[in-house]
Amino acid sequence: MTFEPRIVGFLCNWCSYAGADLAGVSRISYPTSIRIIRLMCSGRVDPVFVLEILAKGADGVMVMGCHPGDCHYVDGNLQTERKIKMLKKLIARTGLEPERLRLEWVSASEGGRFAELVNEFTNQIKALGPSPLSGEKPDPVILENILAAKSAAEDFRLRVLVGREKELIEKGNVYGDKTTQEEFNKTMDEAIQAEYVRNKIYFVVRKEPQSVKELSKHLDLDPQMVLRHIVVLRRRGMVTVGRVEGTTPLYTALEVGR
Amino acid sequence: MEHAEEEVLRIGVFICHCGINIGGVVNVPEVVKYAMTLPNVVYAEDNLYTCSSDGLSKIKEGIGKYNLNRVIVASCTPRTHEPLFRATCEEAGVNKYLFEMANIREHCSWAHMHEPDKATEKAKDIVRMAVAKVRLLKPQDEPEIEVTPSALVIGGGISGMTSALCLADQEFKVYLVEKEPELGGMLRHLYKLFPTMLNASEGLSKIVEGVKQNKNIEVWPSTVVKQVKGFIGNFDVSVQRENRETANFQVGTIIVATGADIFEPVGMYGYKKYDNVITQFKLEQLLKDNQLKKPERVVMIQCTGAREEKGRTYCSRICCMEALKNAMLVRELYPETDVYILFRDLQTYGREYEEWRRMAQDKGVKFVKYNLEKLPEVIAGHDGKLTIDVYHALLGEQVQIESDLVVLSTPLVQREDAKELSQTLKVPLGPDGFFFEAHVKLRPIDFATDGIYVCGTAHSPKDTAESVSQALGVASRASIPMAVKRLRTEAITAMVDESLCSGCGTCVKICPYGAIEKDEKGVARVTAVVCKGCGICGASCPEKAISMSHFTDEQVVAQALAALGRTVA
């Protein structure tokens, strides 16, 4: 059987959903791969939605909003852009192809563009093949990674960074200190890396208690770094010492902190 | 709400053939059969046209007969027909927010006409997604608010006064606040207005008198707006007079008509270095006060500080006409005086203005085109004269013009204090510093915030006629809620779970409408009538403490998972 991709599309009510309507009105055909969910604004797309859907085996996710400057909600679409930027970086760490997620601007008058984008994205997904998380036997490693990414996207730190990006760059913090885009990107990249690893550690030790050495091997990460993350996770009340084997502490997950 | 959770879901699905628009591609009876297999669906039927009066009564019948408490219509786009079906549900006693549409025409049969089997499968998926969502929907109320029938007009120039008069004539109370001690704005300083050559002061004095004598207008000169709280229909405004006297008004709508400033081209073309380099605005005042001494040769330089590559990139729209007009006035006054206009592009757009350019040419005004790449230079000559060294773009050679008066046409720019006002009102300024409308084409004089409007040069450079048109436009816009007196507002709004909120304030910063603030407990509070339901705050809340009614996380994810065929719930 040929591979028919399953694509979920999040479209804003005012521009891109209307653009998809126009494609139909103009009888422009495109592949049947996309299933459209109407939202008031593309800014409604929570990064957690995307990761949840990818975890459940979607072959691709398209988010579409109004062109910059055209947003019905002033700059909701630019908030979307910041979220997708963060998400792509996060997904890139999981072993799933970040190209399975795509953000595009489609206006209410761009029926042709909508159809063309769905066509192009469908071909791109066909070239990538079915999601390793689709079907009866999803790849367990990538699934665990995506779930760790989802937890990271639910946590305070990445969300607050995405939400404050504009303010930090344009207006500065409470002391009026502005951050450059480069500085912000660096902070963001570090936060994505750290939060992703911390959530991975949490998922690993939730299955069975592990030592720093074992974790270091499992995550292919310097034991010093692992230990630092463990310290943070302990402070957050997510991880504790489960038992001690000889002189080696084995860490285990706490459900309480979540 | 409690009984809503206990209620047994009874979903009815009405699937439309839309003549042959859907039925000609999608196997509708098969979709009906499929719908009946979905959880909580107790009834499904197909209609030739669900939107016909026959189809609508079928929905009402179905609701009664099968005791439906959720309704799905699978037909066309909700962007056109949702209000109709919602109203039908409401008539039959089902809250209109318990209705969901499945778009199987625009997004399915019309787009996949050549693949009927796949289109049928897709239609089933779309119906399944609608079922997944409708199962989780909750009834919503649209809050109703009262509108105070009075307006605040900020700015007593031609725009502000025009809209104030228009509203006052409809018997609305108007508070007109002007920063300067006198009404009149920019027109007080102008001489003659193109294209009619009307004396600005003549036109102005009538309007000023009209405003002063109108019993519905309260004029507050030397006054600035200090604080604005509330929302459409119910704004609390605090103003302050120069003498520190403060006052508070209750208004239903607010009009921003604060005008613009004229750009001071310090350091450009020897301005402020040579006394005989002046702005077009200064020339206008010299002409008005009859103080222009006879120059031998006037050189006007257009686009001084406008249409730049960075910064003021915009065209100021009025300077070409202003230069033509002043050039002709100078020639009339001193027929022996030569007038040169150095331009990059002459933008004499629209009715009458192009004729003015021709007229100026006929009357001996000389035009020289210059390039942005090779700007003219003003060099000191002898006897206090100046030499303008300009690359003549049409001749393709460097030309020197001697002049004893250089006039710079400079753009209108946003006022220094506009930023403060934009923050007070929580309305945006665009990249060029001017007030930024809700939609460039479709809502050109509204702000995204309901009940606040913008007109005149506060919005962008424009001439008097255009400012007056906009002023009448905003008066009309503002009069609608005040005439209707009551408004229904969005039911789709953000809701904060106080127990989860950490008071980080991210939502306060990103809400495009200023609908969220921190309350006395330090947690986020949504003013429901100001919220537009975009959901940006919900998708961004670091604590996931904000949910969106009618588009909850649960509802959106359920719909997406149904799309994957994973689950219907």
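Refer to the structure above for everything that follows.
Predicted model only: the values in this text are computed from it and were never measured.

Rules behind the numbers
- Residues numbered from 1 in each chain as written.
- Chains lettered and ligands numbered in written order.
- Predicted model: local features only at pLDDT ≥ 70, side-chain atom pairs only at ≥ 80, totals over all residues.
- Heavy atoms only, no water.
- Contact = heavy atoms within 4.5 Å.
- Buried area = accessible area lost by both parts, 1.4 Å probe.
- Salt bridge = Lys/Arg side-chain N within 4 Å of Asp/Glu carboxyl O.
- Polar contact = N/O pair within 3.5 Å; in protein donor to acceptor, adjacent residues only side chain to side chain.
- Helix = DSSP H or I, 4+ residues; strand = E, 2+ residues; numbered from the N terminus.
- Nonpolar A, V, L, I, M, F, W, Y, C, P; charged D, E, K, R; others polar.
- Buried < 20%, exposed > 50% of the residue type's maximum accessible area, 1.4 Å probe, protein only.

Q: Which residues make up the interface of chain B and chain A, and what are the values?
A: Listed by partner, the interface residues are 53 residues for chain B and 56 residues for chain A. Roughly 4,700 Å² is buried in total at the junction of chain B and chain A, and carbon and sulfur atoms are behind 59% of that figure. Of all residues in chain B, R79(B), H107(B) and L564(B) give up the largest surface area on contact with chain A, accounting jointly for 13% of the area buried on that side. Here D46(A) and K544(B) are joined by a salt bridge, their closest N and O atoms 3.0 Å apart. Counting across the interface, chain B meets chain A through 21 residue pairs in polar contact (both at pLDDT 80 or more). Of all the secondary-structure elements, those providing two or more residues to the side of chain B that touches chain A are α4 (78–91), α5 (105–109), α6 (116–134), α14 (506–510), α15 (536–540) and α16 (553–563) of chain B. At seven residues, α16(B) tops the list of elements feeding residues into the side of chain B that touches chain A. Taken together, the residues that form the side of chain B that touches chain A break down as 23 nonpolar, 16 polar and 14 charged.

Q: I'd like a description of unusual backbone geometry, backed by residues and values.
A: All names here are of chain B. Cis peptide bonds are those with omega within 30 degrees of zero, and the linkage from F194 to P195 qualifies with -5°. Position of P195 among the secondary structure elements: in the loop between β8 (192–193) and β9 (198–199). For S222, which is not a glycine, the phi torsion comes out positive at approximately 50°. A positive phi is found at Y269, a non-glycine position, where the angle reads about 50°. By the secondary structure assignment, Y269 is in the loop between β15 (261–262) and β16 (277–279). Accessibility expressed as a relative area gives 13% for Y269, which makes it buried.

Q: Quick one: what's the story with the environment of N214(B), residue by residue and with numbers?
A: Residues and elements named next belong to chain B. Mapped onto the secondary structure, N214 falls in the loop between α8 (200–213) and β10 (217–220). The class for N214 is buried, based on a relative accessible area of 14%. Sequence spacing of N214 and A168 is 46 residues, and the spatial spacing of their C-alpha atoms is 7.4 Å. Each residue touching N214, except ones within four places of it in the same chain, is listed here: L165, A168 and D169.

Q: Can you break down the side chain of T50(B) residue by residue, with the values?
A: All names here are of chain B. Structurally, T50 can be placed in the loop between β2 (41–47) and α3 (53–65). Here N47 takes part through its side chain, which lies 2.9 Å from a polar atom of the side chain of T50. Apart from residues no more than four positions distant in its own chain, T50 is found in contact with F14, I15, C16, G55, L56, I59, V73 and F85.

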